[in-house]
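Structural description and commentary
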Amino acid sequence: MKSDGLVYTDEKELERSSRCWEYGRVDRVRVSGPHEARLVRPAHTLIVYDGYHSADGNTTINGDVWFDQKRTPAKRVIGQVADIIPSGCDFDAISYAEGTLSYTAISISPQLIESMPGGKAGLIIEPGANLRNPLLKQLCLGLQESDSELHASSLMMALLAETARYQQAAIPEALHRESLTRLVRERLASYIEDNLGENITLQAMANLADLSIYHFSRAFRLHFGLPPYQYVLSRR
C-alpha cells in the first residue's frame, strides 16, 4: 500500500507511527486540539477510536464527517466506536474538541478478500460512522500487537468480515428491496444481457439504478440472488 492518503490540517500536535503489511497497514495516530482530516485510500479503512483526554475529563467529542461529500454529524463516545471508509471513498472529518484524541487506522487491500476462498464474490462494505461493536475493538487490539504476516492478514480478513456482517444486520432487508423497482430490475437485466461480451462494471450498473455502489451491491444481491460479479459470470 504505497499511497498514504491521510492529510491533516490545523492540528496543534500530531504524532503518527505506521506498520505496513503485504495486504494493508496500521497507523497509530495521536492528535491534539481542533483539527480537520482527509483520507482517501485504495483500501477499506477502519478507524477505531482508542482514547481521548481532556482537561475536564470528558470522553465524548463532537464533530462532523463526510463520506463522498455527504455530511454525517458525529458525536462520539471514545473507546466504544469505529468508522469504516470503503476503498476509494473520500472521507473528511472535523473535530471541535480541545483535548487529545488517539485512534488506530487500519487500511486493508480489497485484494486480500479476492485471495480467500469464494472471495471474488466480495464483501459489501458501506461507509459508516459510530459503529459500536466490541469484537472490532478486540480484533484491532490484536492487530496492533501482531508480529507476523499470516497473523496480521487473518485479523484483517476477520475485521472486514465482521464489519460486513455488522452492517448487514443493522439495516432492514426491506429498505434495500424497495431501492430496486421492477422497472430498474428489468433495465439492469437487459443491460447485462446486451453487454455480456463487454466489460460490465459495478459502477455502470449502479448508475443505472441511481444508487451508490455500496447500496446497489446489497440491493442487487437481495433481488437477483447473487452478487453482481457472480450474476454476470452466470449469464456468460
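1. Re the sheet that holds strand E11 (residues 128-131)
Across the sheet, six strands lie side by side as E2-E3-E10-E5-E8-E11; this open sheet has antiparallel pairing. The open sheet is flanked by strand E2 (13-21) and E11, the only strands paired with a single partner. Along the sheet, successive strands turn relative to each other by an average axial angle of 15°, direction set aside. Note: strand E5 (residues 44-53) against strand E10 (residues 100-108), nine bridges, orientation antiparallel. Across the sheet, Tyr 49 pairs through a bridge with Tyr 103, a residue of E10.

2. Things to note about the packing of helix H5 (residues 182-194) against helix H6 (residues 202-209)
A pair of packed helices is characterised by two quantities: the angle between their axes and the separation of those axes. Contact pair H5 / H6: the axes reach a minimum separation of 9 Å and the direction vectors enclose 150°. Considering their axes alone, H5 and H6 lie roughly antiparallel with respect to each other. When you trace H5 past H6, the crossing you get is right-handed. Each of Val 184, Arg 187, Leu 188, Tyr 191 and Ile 192 in H5 lies in contact with H6, whose residues at this interface are Ala 204, Met 205, Leu 208 and Ala 209. For the contact of H5 with H6, the class distribution of residues is eight nonpolar, no polar and one charged.

3. Some remarks on the sheet that holds strand E9 (residues 91-95)
With antiparallel pairing, the five strands of this open sheet are ordered in space as E1-E4-E9-E6-E7. The open sheet has two edge strands with one neighbour each: strand E1 (6-9) and strand E7 (70-77). Direction aside, neighbouring strands of the sheet carry axes that sit 20° apart on average. Inspection of the sheet shows strand E6 (residues 60-67) paired to E7 by eight bridges, in the antiparallel sense. Across the sheet, Asn 62 pairs through a bridge with Lys 75, a residue of E7.

4. Section: the pairing of E2
Within a regular strand, the side chains alternate between the two sheet faces. By the bridge criterion, nine bridges tie E2 to strand E3 (residues 24-32) in an arrangement that is antiparallel. Paired with Cys 20 across the strands is Arg 25, a residue of E3. What sits between the antiparallel neighbours E2 and E3 is a turn of two residues.

The rules we used
Counting restarts for each chain, with residues numbered from 1 along the sequence as it is written. At least 70 in pLDDT is required for a residue's local features to be given in this predicted model, at least 80 for side-chain atom pairs to be given and counted, and no such filter applies to totals for whole chains, interfaces and linings, which use all residues. Values reported for side chains reflect all heavy atoms of the structure, with hydrogen atoms and water molecules removed beforehand. DSSP calls a pair of strands paired once it identifies at least 2 bridges connecting them. Strands here mean DSSP runs of E at least two residues long; helices mean DSSP runs of H or I at least four residues long; both are numbered from the N terminus. Structural elements are reduced to axes, namely lines fitted to C-alpha atoms, with helices fitted over the stretch in contact, and the angle between N-to-C directions of any two is expressed from 0 to 180 degrees. Each angle gets one of four labels, with under 35 degrees taken as roughly parallel, over 145 as roughly antiparallel, 65 to 115 as roughly perpendicular, and the rest as oblique. For any pair of crossing helices, the crossing counts as left-handed if the nearer helix is rotated counterclockwise from the farther one by less than a right angle, and right-handed if it is rotated clockwise. We call two residues contacting when some pair of their heavy atoms lies within 4.5 Å. The classification used treats Ala, Val, Leu, Ile, Met, Phe, Trp, Tyr, Cys and Pro as nonpolar, Asp, Glu, Lys and Arg as charged, and all other residues, Gly among them, as polar.

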